[in-house]
Amino acid sequence: MSLPRPGRVLWDRLAALLLLAFAVYIVAVARQLTYMQGRVPGPGFAPFWIGVGLGVAALAILAGSWREARSGRPAGVQPEEEPLPPARPLTLVAIGAVTIAAVVLIERVGMLTALALVLLALGRILGGSWRAAVLTAIGLPLFFYLLFALWLKVPLPRGPWGF
Amino acid sequence: METLRLLGEGFAVVVQPLNLAAAVAGVLVGQLVGVLPGIGPASTIAILLPVTLSLNATAAMIMFIGIYYGAMYGGTITSVLFRIPGESASVMTTIDGYAMARRGRAGPALGIAAFGSFIAGTLGVIALMLLAPSLARVALAFGPPEYATLLLLSLSLIVYLTGRNPAKGAAAALLGLWLSVVGVDLITAKPRFTFGQLNLLSGVEFVPVAVGLFGLAEVLLSVQRGAAGAGVTADLRLRAVLPTVADWLASRWAILRGTLIGFFVGMLPGAGATAASMISYATEKRFSRHPERFGTGAIEGVAAPESANNAAAVGAMVPLLTLGIPGSATTAVMLGGLLIFGLRPGPLLFQEHAPFVWGIIASMYVSNVLLVLLNVFAIPAFVAVLRLPRAVLLPSIAALAIIGVYSLENSVFEVWMALLFGGLGYLMHRLEYPPAPLVLALVLGNTFEETVRQSLQISHGSLAIFATRPLAAAFLVLTVVLIALPVVAQRRQVRRLRAVRKAT
């Protein structure tokens, strides 16, 4: 079993604090909704308790993280999966950026063109050949056109060039 | 007798061309995603949900079950040949399966896994057929308090059994519950947490969340995991795949015990196929007269977990169909799909939609037969799929996810939601928050809130209603025990650690 790296613990605590803040927000909003309507729970009842529960869970995660750091061993049961290799942040950011750009483009250049661009860009980012990327970028949107537009009759957004 | 008549009617449903085609398509797709590491049945069903909405509910569900089953069979191939579980439920098979492959016995390992899965799957369906209708009859007597406490128990089980840190599981489940209250409150028509978005008035749609958390997040994680290695080359022709008499004798009890363990563990919410395969592997090792052989290529070490994961996939259908409570991510996505079709699984399903239920049950027999054939005759074809470059496969999955989610409501908003949850799913995985409790809580949240409010309406606001009805009280006590367990265990661990420190 590997010792928790200092970075992991920091991220763990940050996430827990974020959850705690979110729990406070949920409770604050829930209190503006009606908690009880007469003797029956109102719309604020469930969110209030969900917020409280989330807050307790966040505090438990924080407490666990401190215990873990003190005892030098991770909380809970042993891991069952092999740890992931370290992130390649640039690749992941590139994939995220391409995908977001494509969704922005859907209503401007049309669904099929946007997807063709995604396929081309992601194929290249993941180290595929130009040939494979171009073939997928042409072939798959064509298949999608047959499946979604013709067979399932989904009105796909079109670009200025009619598809 | 009645059961046989209903089953006969079920088979009449399955042999309709559309349903049969759905079964074949399902097992083929399932086998494929089973073979491909990283992409599991939950994400596949989520991504395909929008496409299947054009079918009818029966055909869609038959296809989903085929996918679920197929993934259980297909996961074996990668485990044995590459020592990479194609699907999390095949983790245990990597131990003895890969050891067998390195000794040149990949064929029999895959063969016994296929036959074991077939036997376990078929026995499991028989058990389901006998058990489910009576359970459904019992569940008919459930009122809102019983349902509310049962849902609480199920959610706690899921939190307790998925992931290492129950607090993180609980946080995920509570986030899911919060997502379920977003939108207009059904009783008072008051909007909650809609952030001024018209799109959120009708609530958070289930499909974009599932596609994001499982599909898109898995694409990102697959990028990070990197490609599979070269693997073991093996003779996979029919003669090599058929197990010998000695193999059969060595694994017969392992298959039967695996089936039994798998079916019952599979019924528990949160435990599922992966846990079932682990428990059955450990059991086999304990029962064995030569436990030292495990890990060096013992065929029982393949037969037991592979039988167990298939039986568990069937067992998981019991609470889904009879109580409307999914026990795993995959069955949660199935439930989400059924709800979109306007079918609410639960005790009434057996009465009001008998042809649907029995059609599904009959389709499980058919899928089992199709899969054992595929896994005896067509293994080389599926091994070839692994040569498909990731640079083609992963972008294609992302593209299908985008267009699929869009087609659901013809709205880009849902695509943004899927991207948002894709990112969240990736972060959750990195920080070890299990995504399954979130999805399950999202699917069950509305019913949970509804039944709690109905219960308190019945009791005029008194919480005593949950403690005075015997079944509800029993569910509640079990929940409290479950929540207390990890706390007690942790206390004990800390105490032991301190004792060790004092001693040294």
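Quick summary incoming for the structure in this document. Every value quoted in this text rests on a predicted model; they were computed, and no experiment measured them. (Residues numbered from 1 in each chain as written. Chains lettered and ligands numbered in written order. Predicted model: local features only at pLDDT ≥ 70, side-chain atom pairs only at ≥ 80, totals over all residues. Heavy atoms only, no water.)

### Topic: helix H19 (residues 390-409) of chain B
One turn of an α-helix holds 3.6 residues; hence residues three or four places apart share an orientation. Residue and element names in this part refer to chain B. An ideal rise of 1.5 Å per residue puts 28 Å on 20 residues; H19 measures up with 30 Å between its terminal C-alpha atoms. With 18 of its 20 residues buried, H19 lies for the most part within the structure. Of the residues flanking the end of H19, it is Asn 410, one or two places downstream, whose phi is positive at about 50 degrees. (Helix = DSSP H or I, 4+ residues; strand = E, 2+ residues; numbered from the N terminus. Expected span 1.5 Å × (residues − 1). Buried < 20%, exposed > 50% of the residue type's maximum accessible area, 1.4 Å probe, protein only.)

### Quick word on the pattern of salt bridges
Residue and element names in this part refer to chain B. Counted by the stated rule, this structure contains 11 salt bridges over all chains. Measuring nitrogen to oxygen at the nearest pair gives 3.3 Å for the salt bridge that ties Arg 293 to Glu 300. By relative accessible area, which is 33% here, Arg 293 ends up partly exposed. (Salt bridge = Lys/Arg side-chain N within 4 Å of Asp/Glu carboxyl O.)

### Considerations on the side chain of Glu 449 of chain B
Along the polypeptide, Glu 449 of chain B turns up in helix H21 (residues 435-458). Setting aside chain neighbours within four positions, we find Glu 449 of chain B in contact with Ala 46 of chain A together with Val 181 and Arg 192 of chain B. (Contact = heavy atoms within 4.5 Å.)

### A word on the environment of Ile 26 of chain A
By secondary structure assignment, the location of Ile 26 of chain A is in helix H1 (residues 6-32). Each C-alpha atom, one on Ile 26 of chain A and one on Gly 44 of chain A, is 10.0 Å from the other, the two residues being 18 residues apart in sequence. If sequence neighbours within four positions are ignored, Ile 26 of chain A has contacts with Pro 47, Gly 51 and Leu 54 of chain A together with Trp 178 and Phe 193 of chain B.

### Remarks on the side chain of Ser 307 of chain B
All names here are of chain B. By the secondary structure assignment, Ser 307 is in helix H13 (residues 300-315). Classification of Ser 307 as buried rests on a relative accessible area of 0%. A distance of 2.6 Å separates a polar side-chain atom of Ser 307 from the backbone oxygen of Ala 303. Apart from residues lying up to four places away in sequence, Ser 307 is in contact with Gly 116, Ser 117, Ala 120, Ile 255, Gly 258 and Thr 259. (Polar contact = N/O pair within 3.5 Å; in protein donor to acceptor, adjacent residues only side chain to side chain.)

### Things to note about the packing of aromatic side chains
According to the stated counting rule, one finds 17 aromatic pairs over all chains in the structure shown. Between the aromatic rings of Trp 178 of chain B and Phe 195 of chain B, the centroid separation amounts to 6.5 Å while the plane-to-plane angle is 70 degrees, which identifies the pairing as edge-to-face. Residue Trp 178 of chain B is found in helix H8 (residues 166-181), and its partner Phe 195 of chain B is found in the loop between strand S2 (191-192) and helix H9 (206-225); the two are separated by 17 residues along the sequence. Judged by its relative accessible area of 8%, Trp 178 of chain B falls in the buried class. Summarising the aromatic geometry, the rings of Phe 263 of chain B and Phe 264 of chain B are spaced 5.5 Å apart at their centres and angled 90 degrees between planes, so their arrangement reads as edge-to-face. By relative accessible area, which is 4% here, Phe 263 of chain B ends up buried. Counting every residue linked through ring pairs, the aromatic cluster contains Phe 22 and Tyr 25 of chain A together with Trp 178, Phe 193 and Phe 195 of chain B. Of note, Arg 13 of chain A hangs over the ring of Trp 66 of chain A, and the distance from its end group to the ring centre comes to 4.1 Å. One Lys or Arg, Arg 257 of chain B, reaches over the ring of Phe 287 of chain B and ends 4.4 Å from the middle of that ring. (Phe/Tyr/Trp six-rings, centres within 6.5 Å; stacked < 30°, edge-to-face > 60°. Lys NZ or Arg CZ within 6 Å of the ring centre and 35° of its normal.)

This is a description of form; function is not addressed.
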